[in-house]
Each structure stands twice: as C-alpha cells, then as structure tokens.
Amino acid sequence: MAEAAGATRGADAAGTTQATDVAGATEAVGAPDAQAAVSGSPVPESRRPGALWALGLFRSELVTVVRRWRTLALLGVLAAVPILIGIAVKIETSDGGTAGPSGGDGPAFISQVTNNGLFLVFAGLAATLPVFLPMAIGVVAGDAIAGEANSGTLRYLLVAPAGRTRLLLAKYASVLAFCLLATLVVAASALAVGALLFPLGEVTTISGTQISFADGLVRALAIAGMVALSLTGVAALGLFISTLTGSGVAAMAATVGLLITVQILDQIPQLHAIHPYLFPHYWLSFADLLRVPVYWDQLVKNLELQALYVAVFGSAAWARFTAKDITA
C-alpha cells in the first residue's frame, strides 16, 4: 500500500490525466490565482472554475481511484467473497443437507441460498458489510488527501485552482462513488454465482410472504443501495483522518484500526448505552427490506446516524483542510 500511495499518479494513466487537467487550469487562471489557491486565500469570483470544471475534477478523481492496482485488488477480494460462500454452500449441500443456521438475519441468509440463488446476494452483503466493505472504504478514504500529500501532488492539485472546498468535495464524492461501486461488485458477483449454482424463483421474505423474482431483484438493488449509504459515515471519518497527516499509510492504518475498535465496542454488552451512537450498530438493518411490510424504524435510525457522522466529520475535515498549511 505504501508503494501505491507514493507513486500512483506517476505510474498510471489516471495520474497523467489529472496532471494535464491541473496544468491546463493553471495556464487559464494565471499565477496569482494559483498562489491564492495554494495559500488558502479566496480566488476572485470572476476567475473561479465553473460547475463543468468541478465535474471534470470529480471525474478525474474517480478514474484515478478506480484505476489504482490497490483498488482493483480490493474489488477483486470483495467479488471473491460471494464466490467462496456459494461454492462452500454448494459443497455442503451436495448430499441434500442444509447450509447455515435457521432464521432470517445476517449470515442466516445462507440457509435460504439453496432454495433461491438470489439469497446469495443478501448473504454476500451480510458477510462483507461488517469487515471487508468498510475496510476497503477506509483504505480509499484514508488515502484521499494524505496519499496526495505523501506523493507530493496535493500542492499541484490546488494550483489549478480547484479551491480547497471543491477539491475536498471531489475527493469525498469519489469515495462515495467507490462505496456504491464496491457494494454493486459484491451484489453482482453474488447474483451471478447464485444463478449458476442454485435455482432462481419466487422469494420467501423474512415475514413468510412470497414475492416475485422481479420484486426480489428490486429489493436486492434497494438493499445494495442501503449498504452503500451505511458506509458514508466511515467514508467521512476516513477523509477527516486523511487531512490530519501527510502519510497515506498512516491514514489508512488509523482508519482501519478505528473501524476495528468501534466494531469491538459494539459487541461488548456492558457498553450497550453507547451502541446506538456507533456507526456500525444499525448496519445489518438492511434485512428489514426483506419484510412485508418493510420495517422502517431501524433503517431510518441507520440513515440518521450516518448523516450525523457525515455532518460532524465532514465539517471537521473541511475545517482542518481549509486551514492546513500545504507544503507538499
């Protein structure tokens, strides 16, 4: 990860594209405005980049993130989890037995996979959400700002001038896009494996009601969206940590370490009083989307909690980044 954080922009085409965007924007606005952007001083209104420039910055950031070898490796690991689960269930049930515990929450979705391959989507998301997905998001978010500083490209990005707020928003938007991409990779991999190894058909919900396969697909897509939204708090936290240091490896390690610590705290019964305020506490509430009617209570609490983390740590990241002395 250190090699990737230190040499990403010089090693791949995405970095070249962004460097070209920066150079072109610098010529357009002139040296005085570039100096203002780096120092944090406001750029004259008439020379501030427009919405299309900001969209181009987001596109460049997203392409850079997705084309990194580290990111591709993370997506590969995420895609492999449902494949391994599907193969394990197929082997376990080859003699006509059942897989997994009975019930309807979390990993218990595995018990339904043999009857309907669509349940592998739910089982795959339930298996990756507690650890694999948030760790992948933590790595990408932690490297967002600190990785640029570590590789010496952060100052050049600000010379464009992107403006610190625009750059921070583009970074966070690219992390959010990765949240959705990572979740869809897990869901798509699980759906493909489920269709290959198991039968497909009507879906029996947790409430015992049967719904059509098409309705089940819609709910699977809604669950993937809910899982992606559940990761927005981790993304904001990782971005804030990334503004505190100039080392991409340190930011990634701190984000993942904090994630593991919070997960442990959420499992200690004696700390039940703080559990509702920990960002992973309501993650598995997405199972309520498989009820008829849908139970919205836990889902809404999850969204409210993630919005709180985004507001708090997003504001902290902005305050830190806009006041930070950029030397690299």
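Everything numeric in this text was worked out from a predicted model, so none of it was measured. (Residues numbered from 1 in each chain as written. Predicted model: local features only at pLDDT ≥ 70, side-chain atom pairs only at ≥ 80, totals over all residues. Heavy atoms only, no water.)

A. Just the pattern of salt bridges, in detail. Enumeration according to the criterion identifies 6 salt bridges in this entry. Residue Asp288 is joined to Arg291 by a salt bridge in which the shortest nitrogen-to-oxygen separation is 2.8 Å. Judged by its relative accessible area of 9%, Asp288 is buried. Through salt bridges with shared partners, a single network forms among Arg68, Arg70 and Asp143. (Salt bridge = Lys/Arg side-chain N within 4 Å of Asp/Glu carboxyl O. Buried < 20%, exposed > 50% of the residue type's maximum accessible area, 1.4 Å probe, protein only.)

B. Expanded view of the environment of Leu259. Positionally, Leu259 belongs in helix α13 (residues 248-265). Look at Leu259 and you get buried, because its relative accessible area is 4%. Spatially, the C-alpha atoms of Leu259 and Gly138 are 8.0 Å apart, while their sequence positions differ by 121 residues. For Leu259, the contacting residues outside a window of four places in its chain are Pro134, Met135, Phe279 and Trp283. (Helix = DSSP H or I, 4+ residues; strand = E, 2+ residues; numbered from the N terminus. Contact = heavy atoms within 4.5 Å.)

C. Examining the nonpolar core more closely. In this structure, Phe109, Val121, Phe122, Ile137, Ile223, Phe279 and Phe286 are the most contacted members of the largest nonpolar core, which totals 72 residues. Per-element tally for this core: the top contributor is helix α10 (residues 164-197), with 12 residues. What Ile223 contacts, discounting residues up to four positions off in sequence, is Phe122, Leu125, Phe286, Leu289 and Leu290. (Core = buried A, V, L, I, M, F, W, Y, C linked by side-chain atoms within 4.5 Å.)

D. Expanded view of the side chain of Gln263. By secondary structure assignment, the location of Gln263 is in helix α13. Setting aside residues no more than four positions away along its own chain, Gln263 makes contact with Pro130, Val131, Pro280 and Trp283.

E. Summary view of the packing of aromatic side chains. In total, this model carries 5 aromatic pairs according to the counting rule given. Judged by centre distance (5.8 Å) and plane angle (50 degrees), the rings of Phe279 and Trp283 are tilted. Classification of Phe279 as buried rests on a relative accessible area of 2%. The class of Trp283 is buried, set by a relative accessible area of 2%. Cluster of aromatic residues (ring-pair linked, three or more members): Phe240, Phe279, Trp283, Tyr309 and Phe313. (Phe/Tyr/Trp six-rings, centres within 6.5 Å; stacked < 30°, edge-to-face > 60°.)

F. Here's a closer look at helix α7 (residues 119-128). For α7, the tally of buried residues reaches 9 of 10 residues, placing the bulk of the element in the interior. Those residues of α7 lying buried are Phe119, Leu120, Val121, Phe122, Ala123, Gly124, Leu125, Ala126 and Thr128.

G. Geometry of the packing of α10 against helix α12 (residues 232-242). Running from amino to carboxyl end, α10 crosses α12 at an angle of 140 degrees, the nearest separation of the two axes being 10 Å. When the interaxial angle is binned, α10 and α12 end up oblique. Where α10 crosses over α12, the handedness of that crossing is right-handed. Each of Leu168, Lys171, Tyr172, Val175, Leu176 and Cys179 in α10 lies in contact with α12, whose residues at this interface are Thr232, Ala235, Ala236 and Leu239. Grouping the amino acids of the contact of α10 with α12 by side-chain chemistry returns 8 nonpolar, 1 polar and 1 charged. (Axes fitted to C-alpha atoms, helices over the stretch in contact; angles between N-to-C directions. Parallel < 35°, antiparallel > 145°, perpendicular 65-115°, else oblique. Left-handed = near helix turned anticlockwise from the far one by under 90°. Nonpolar A, V, L, I, M, F, W, Y, C, P; charged D, E, K, R; others polar.)

H. View of the packing of α12 against helix α14 (residues 297-323). The N-to-C vectors of α12 and α14 enclose an angle of 15 degrees; their axes lie 8 Å apart at closest approach. Taken together, the axes of α12 and α14 are roughly parallel relative to one another. For the element pair α12 and α14, the recorded crossing hand is left-handed. Contacts from Thr232, Gly233, Ala236, Leu237, Leu239 and Phe240 in α12 reach Gln306, Tyr309, Val310, Phe313, Gly314, Ala316 and Ala317 in α14. Each residue belonging to the contact of α12 with α14 can be placed in one class, and the counts come to 9 nonpolar, 4 polar and no charged.

I. Layout of the confidence of the model for the protein chain. Mean pLDDT over the protein chain stands at 80; residues scoring 70 or higher make up 75%. Residue range residues 1-47 is modelled with pLDDT below 50. Its contacts to residues more than four positions away, or to other chains, number 73 contacts. Long-range and interchain partners of residues 102-106, a stretch whose pLDDT sits below 50, account for 11 contacts in this model, where long-range means more than four residues apart. (pLDDT = per-residue confidence, 0-100.)

J. Structural context of unusual backbone geometry. The peptide bond linking Val292 to Pro293 adopts the cis configuration, its omega dihedral lying at -5 degrees. Within the secondary structure, Pro293 is located in the loop between α13 and α14.

K. Examining a nonpolar patch on the surface more closely. Where nonpolar side chains cluster on the molecular surface, the patch consists of Val77, Val131 and Phe132 and spans about 230 Å² of accessible area. Relative to the helices and strands, Val131 resides in the loop between α7 and α8 (132-151). The class for Val131 is partly exposed, based on a relative accessible area of 39%. (Patch = residues over 30% accessible without salt bridge, like charges linked within 9 Å, V, L, I, M, F, W, Y side chains within 5 Å. Areas by Shrake-Rupley, 256 points an atom, 1.4 Å probe, with all protein chains shown as cover.)

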